[in-house]
Amino acid sequence: MNITHDRSELTLFGLPAQQGRWLMIPLGMSVLLCLGSVYSWSVFRKPLEGELNIGATESLLPYTVALVFYAVMMPIAGFYITRIGSRIVTAIGGIIVGVGYILSSFANNILAMTLTYGLIAGTGVGIAYGVPMAVVARWFPDKKGLAVGLTIIGFGLSPLITAPLAKGLIDAYSVRETLRILGIAFTLIILAIATTLKMPPKDWQPAQPLTAASCAVPSAYPGNLLKSRSFYGLWICYSIGTFVGLSAIGISSPVGEEMIKIDPALAASSVSLFALFNGISRPLFGWLTDRFKPRYVAMVSYTLVLIACLLMLNVKEGQVATYLIAFCLFWASLGGWLAIAPTTTLRLFNPDNYAQNYGIVFTAYGVGALSGTLIAGQIRDWFGSYTYAFYPMIFLAIVGMVVANLLLKRDKVIEV
């Protein structure tokens, strides 16, 4: 059976694949919405501090460990998506996430909570995270960046839905009942969706002509990712984007309270506005990466960082609008990188190996996340003000621009 016949006969959800593939985006988005609930941990902290008699630093441990295992497991899981199938990997990840949440509802000390929520649930998040993007990328060879960017909105905007949901459940029941309810719900939702997340046949293409950007794909790719100059360019740029973005995210509320002197309640609620920009920027930057060279899109992201830093270095007490604009740009830049990196991986390296390749590239996120969340607060302790955190961000954004211009371009591959 030739490819043309396959294309015309293939159906998804009872529709021709050309139309049915669009349903893969909200399905993948829903999986990532469940997984992104890890970012709603702040809702659980205060109740747990009272129940377990722990301080603020200790209550942050489960969240920190969850991020570490999420970042570590994602590249490992990438190697198994094509080997054992997208459905099975998603189901395994969903079950582990649910088990982590459910077991954490029985934890009676912070060590047990860190083990159950941090290690177990975080591992599940890392296993399932890459699957929706890998599946969507294969179904949208003509709109890779836009499709991946739309799918990962689910992860970025998850706190806007899961945080108030969890807060309402905690108020109605208790923190432990809430963890149990969410664990069961997430398991059922992810398992149901896992049955639908299948890859298209090899070399499947949509019927309409591909865009100019997607057609400009070379006949050969770097044979070894780790020997490719473009890989190191992408890895460095991604780690810088993540470092700066997560540094800013981690200090969003305290900067508003200390530097701008805004009301703590307003500082906390402004995070919802920032999260909106973080979500919207993903399909936007994915779309841009489809149409322009990745290094140009990277430089746009770093320019947003420079503008935001300059605004914050000149901000005065009471200038709420300046603060809001600056941190909307910081959050948008980070969201942008979570679309730039996977789309660039698809463009520069063999898309057949996307799951494994992006798993390796994603280690940059782990490095940027760990260092970024730690250093911004440390600078505040050293110098007594968050103002000084914006100087290294400026330096790194400039370094990122240089690296993007020099290395973030397609390697010349000589076919033999």
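Remember, predicted model here, so these are calculated numbers, not experimental data.

Caption draft 1: Region of the structure containing the environment of arginine 229. With respect to the helices and strands, the residue arginine 229 is situated in helix α13 (residues 229–260). In this structure, the C-alpha to C-alpha distance between arginine 229 and leucine 10, residues 219 residues apart in sequence, is 38 Å. With residues near it in sequence (within four places) discarded, arginine 229 still touches Leu406, Leu407, Lys409 and Asp411.

Caption draft 2: Just empty space enclosed by the protein, in detail. On inspection of all chains with the given rule, the structure shows five cavities of 30 Å³ or more. Considered as a void within the structure, the largest cavity measures approximately 50 Å³ in volume. Forming the boundary of the largest cavity are Met74, Gly78, Ile81, Gly130, Met133, Ala134, Tyr354, Ala355, Tyr358 and Gly359. Of all the secondary-structure elements, those providing two or more residues to the lining of the largest cavity are α6 (61–84), α8 (110–139) and α17 (354–361).

Caption draft 3: View of the packing of helix α4 (residues 42–52) against helix α10 (residues 153–172). At their nearest, the axes of α4 and α10 sit 9 Å apart, and the two run at 30° to each other. Considering the angle they form, α4 stands roughly parallel to α10. Where α4 abuts α10, its residues Val43, Phe44 and Pro47 lie against Ala163, Ala166, Lys167 and Ile170. Of the residues that constitute the contact of α4 with α10, the class distribution is six nonpolar, no polar and one charged.

Caption draft 4: Representation of unusual backbone geometry. Even without being glycine, asparagine 53 reaches a positive phi, approximately 55°. Tracing the sequence through the fold places asparagine 53 in the loop between α4 and α5 (56–59). Of the residues examined, asparagine 53 reaches a relative accessible area of 70% and is grouped as exposed. One non-glycine residue with positive phi stands out, namely lysine 261, at about 65°. Summarising the element assignment, lysine 261 is placed in the loop between α13 and α14 (264–291).

Caption draft 5: Spatial organisation of the environment of valine 65. Examined against the element boundaries, valine 65 turns out to sit in helix α6. With 85 residues separating them along the chain, valine 65 and leucine 150 place their C-alpha atoms 27 Å apart. Those residues in contact with valine 65 that sit more than four places away from it in its chain are Thr114, Gly118 and Leu119.

Caption draft 6: Here's a closer look at helix α3 (residues 24–35). For α3, with twelve residues, the first-to-last C-alpha span of 17 Å sits near the 16 Å given by 1.5 Å per residue. For α3, the set of buried residues is Met24, Ile25, Gly28, Val31, Leu32, Cys34 and Leu35.

Caption draft 7: Main features of the packing of aromatic side chains. All told, the structure shown has 30 aromatic pairs when counted by the stated rule. When the ring of tyrosine 39 is compared with that of phenylalanine 155, the centres are 5.3 Å apart and the planes differ by 80°; the resulting orientation is edge-to-face. Residue tyrosine 39 is found in the loop between α3 and α4, and its partner phenylalanine 155 is found in helix α10; the two are separated by 116 residues along the sequence. Ring pairs connect the aromatic residues Tyr39, Tyr63, Tyr70, Tyr129, Phe155, Tyr238, Tyr302, Trp337, Tyr354, Tyr358, Phe362 and Tyr365, which therefore count as one cluster.

Caption draft 8: Structural context of a nonpolar patch on the surface. A cluster of nonpolar side chains, namely Val72, Ile76, Phe79, Tyr80, Ile84, Ile88 and Ile92, defines an oily patch on the protein surface of about 580 Å² accessible area. With five residues, the single largest contributor to the nonpolar patch is α6. Along the chain, isoleucine 92 turns up in helix α7 (residues 86–104).

Caption draft 9: Molecular detail of the side chain of arginine 295. Of note, arginine 295 is situated in helix α15 (residues 294–313). On the basis of relative accessible area, arginine 295 is assigned to the buried category, the value being 13%. Separated by 3.5 Å, the side chains of arginine 295 and tyrosine 296 make a polar contact. Once residues within four sequence positions are removed from consideration, arginine 295 is found in contact with Ala404, Asn405, Leu408 and Lys409.

Thresholds, definitions, all that
Residues numbered from 1 in each chain as written. Predicted model: local features only at pLDDT ≥ 70, side-chain atom pairs only at ≥ 80, totals over all residues. Heavy atoms only, no water. Helix = DSSP H or I, 4+ residues; strand = E, 2+ residues; numbered from the N terminus. Contact = heavy atoms within 4.5 Å. 1 Å grid on protein atoms, 1.4 Å probe; cavity = no way out; pocket = protein on both sides within 12 Å on 5 of 7 lines; lining within 4 Å. Points joined across faces, edges and corners; volume = space filled by probe spheres on them. Axes fitted to C-alpha atoms, helices over the stretch in contact; angles between N-to-C directions. Parallel < 35°, antiparallel > 145°, perpendicular 65-115°, else oblique. Nonpolar A, V, L, I, M, F, W, Y, C, P; charged D, E, K, R; others polar. Buried < 20%, exposed > 50% of the residue type's maximum accessible area, 1.4 Å probe, protein only. Expected span 1.5 Å × (residues − 1). Phe/Tyr/Trp six-rings, centres within 6.5 Å; stacked < 30°, edge-to-face > 60°. Patch = residues over 30% accessible without salt bridge, like charges linked within 9 Å, V, L, I, M, F, W, Y side chains within 5 Å. Areas by Shrake-Rupley, 256 points an atom, 1.4 Å probe, with all protein chains shown as cover. Salt bridge = Lys/Arg side-chain N within 4 Å of Asp/Glu carboxyl O. Polar contact = N/O pair within 3.5 Å; in protein donor to acceptor, adjacent residues only side chain to side chain.

These values are about where atoms sit, not about what they do.
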